[in-house]
Amino acid sequence: DYYQGARFLADSNGKPVGSITVSLSQDVEKNKIKQIFQTMLLISIFSIVFVFGLTILFSRKMLRSINNLTTSTAEIADGNLEYPIDTTGNDELGILAHSFSIMRESIKAQVNELKNEITNHERTNIELKESEDRYRTLFEKSADAILIIEGNKFVDCNQATVDMLGYKNRKELL
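For the structure given in this document, a descriptive report is provided here. This is a predicted model, so every value here is computed, not measured.

When you go through the protein residue by residue, the secondary structure sums to 4 helices and 4 strands. Computed over the C-alpha atoms, the radius of gyration of the protein is 50 Å, more than 25% above the 16 Å expected from 2.2 N^0.38 for a compact globule of 174 residues. Taken along its principal axes, the extent of the C-alpha atoms in the protein is 165 × 30 × 25 Å. Residue pairs at least 24 apart in sequence account for 16% of intrachain contacts in the protein once pairs closer than 6 positions are excluded. Summed over all atoms, the accessible surface of the protein reaches about 14500 Å², with 58% contributed by carbon and sulfur.

Given below as C-alpha cells:
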C-alpha cells in the first residue's frame, strides 16, 4: 500500500518534457500515527497518575486536618478545655479550627466565671449558716422572752418565754 502522486514537467513554452512520480509507503504514515498515539497514551497515563497522586496528597492532608479537629473537639467535649487545637491552616479547615479555638476560649472563660460564682455562692451559704447559728444561739440562750408570731399564730419561742408564761415546754405553748 502506497500513496502516489504525479506531476508533469513542462518547458517554458508549456510543452511536456517529463513527469515526476513520488510514492510513499502507508507504513511510514501508520508508524507515525502509532508513535503519536503511544506518546499521547503515555502522556495521558502520566497525567492520570500525577493527578491521582495529587488527589491522594491533598486528601491525606485534609483528612489529617479533619482527624486533628475531630480529636480536639472530642477532648474538649470530654471537658479537657486545655487540649490544643491546630489552627495553622489557611484553608477552610484552618478557619474552622480557628473558630473552634475561639469557642474553646469562650467556654473556658464561662466555666471559670461559673466556678467563681459557685465559690461565691458556697461562701455566702457558709456565712448564712454561721449567721443562722449565731441567731439561733442568741434566740435560744437569751434571758429575755422572745416570741415569733406569723399572722395570728405563735410559731416559735425561746425557753425564757416558756418560763415567763408558766408553760412546761415549748410545744405546750405553741
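Under the 1.5 Å per step criterion, the end-to-end length of helix α1 (residues 26-77) is 74 Å for 52 residues, consistent within 8% with the ideal 76 Å. All of the buried residues in α1 are Gln 26, Leu 69, Ser 72 and Ile 76. Residues of α1 that are buried sit in contact with β1 (2-10), β2 (16-25) and α2 (92-141). Capping of α1 at its N-terminal end is provided by Ser 25; its side-chain oxygen lies 3.2 Å from the backbone amide nitrogen of Asp 27. Phi turns positive one or two residues past the end of α1, at Gly 79, with a value near 100°.

As enumerated under the stated definition, the model contains 7 salt bridges in all. For the salt bridge of Arg 136 with Glu 140, the shortest nitrogen-to-oxygen distance reads 3.6 Å. Pair noted here: Arg 136 and Glu 140 are both in helix α2, with a separation of 4 residues, about one helical turn. With a relative accessible area of 34%, Arg 136 lands in the partly exposed category. Counted as one network, the salt bridges with shared partners bring together Glu 82, Arg 104, Glu 105 and Lys 108.

Moving on: the packing of α1 against α2. In helix packing, the relevant descriptors are the interaxial angle and the interaxial distance, both defined with respect to the helix axes. The geometry of α1 relative to α2 is characterised by a closest axis approach of 10 Å and an angle of 10° between their N-to-C directions. With respect to their mutual orientation, α1 and α2 come out roughly parallel. Here α1 contributes Met 62, Ser 65, Ile 66, Leu 69, Thr 73 and Ile 76 to the contact with α2, which in turn contributes Leu 93, Leu 96, Ala 97, Phe 100 and Arg 104. When grouped by side-chain class, the residues that make up the contact of α1 with α2 number 8 nonpolar, 2 polar and 1 charged.

A few words now on the side chain of Lys 108. Among the secondary structure elements, Lys 108 is positioned in helix α2. Polar contacts involving the side chain of Lys 108 include one to the side chain of Glu 82, which spans 3.4 Å. Setting aside its immediate chain neighbours within four residues, Lys 108 contacts Leu 81 and Glu 82.

In the structure shown here, the tally under the stated rule is 2 aromatic pairs. On the numbers, 6.2 Å between centres and 20° between planes, the contact of Phe 46 with Phe 50 is stacked. With Phe 46 and Phe 50 both in helix α1, this residue pair falls 4 residues apart, about one helical turn. Phe 46 sits in the exposed class, given a relative accessible area of 57%. Among the residues examined, Phe 50 registers a relative accessible area of 49% and is labelled partly exposed. Aromatic side chains Tyr 135 and Phe 139 sit 5.9 Å apart centroid to centroid with 25° between the ring planes, which places their arrangement in the stacked category. Of the two residues, Tyr 135 and Phe 139 are both situated in helix α2; the distance of 4 residues between them amounts to about one turn of the helix. Residue classification places Phe 139 among the buried positions, given a relative accessible area of 2%.

Conventions and cut-offs
- Residues numbered from 1 in each chain as written.
- Predicted model: local features only at pLDDT ≥ 70, side-chain atom pairs only at ≥ 80, totals over all residues.
- Heavy atoms only, no water.
- Helix = DSSP H or I, 4+ residues; strand = E, 2+ residues; numbered from the N terminus.
- Rg over C-alpha atoms; globule rule 2.2 N^0.38 Å.
- Contact = heavy atoms within 4.5 Å.
- Areas by Shrake-Rupley, 256 points an atom, 1.4 Å probe, with all protein chains shown as cover.
- Expected span 1.5 Å × (residues − 1).
- Buried < 20%, exposed > 50% of the residue type's maximum accessible area, 1.4 Å probe, protein only.
- Polar contact = N/O pair within 3.5 Å; in protein donor to acceptor, adjacent residues only side chain to side chain.
- Salt bridge = Lys/Arg side-chain N within 4 Å of Asp/Glu carboxyl O.
- Axes fitted to C-alpha atoms, helices over the stretch in contact; angles between N-to-C directions.
- Parallel < 35°, antiparallel > 145°, perpendicular 65-115°, else oblique.
- Nonpolar A, V, L, I, M, F, W, Y, C, P; charged D, E, K, R; others polar.
- Phe/Tyr/Trp six-rings, centres within 6.5 Å; stacked < 30°, edge-to-face > 60°.

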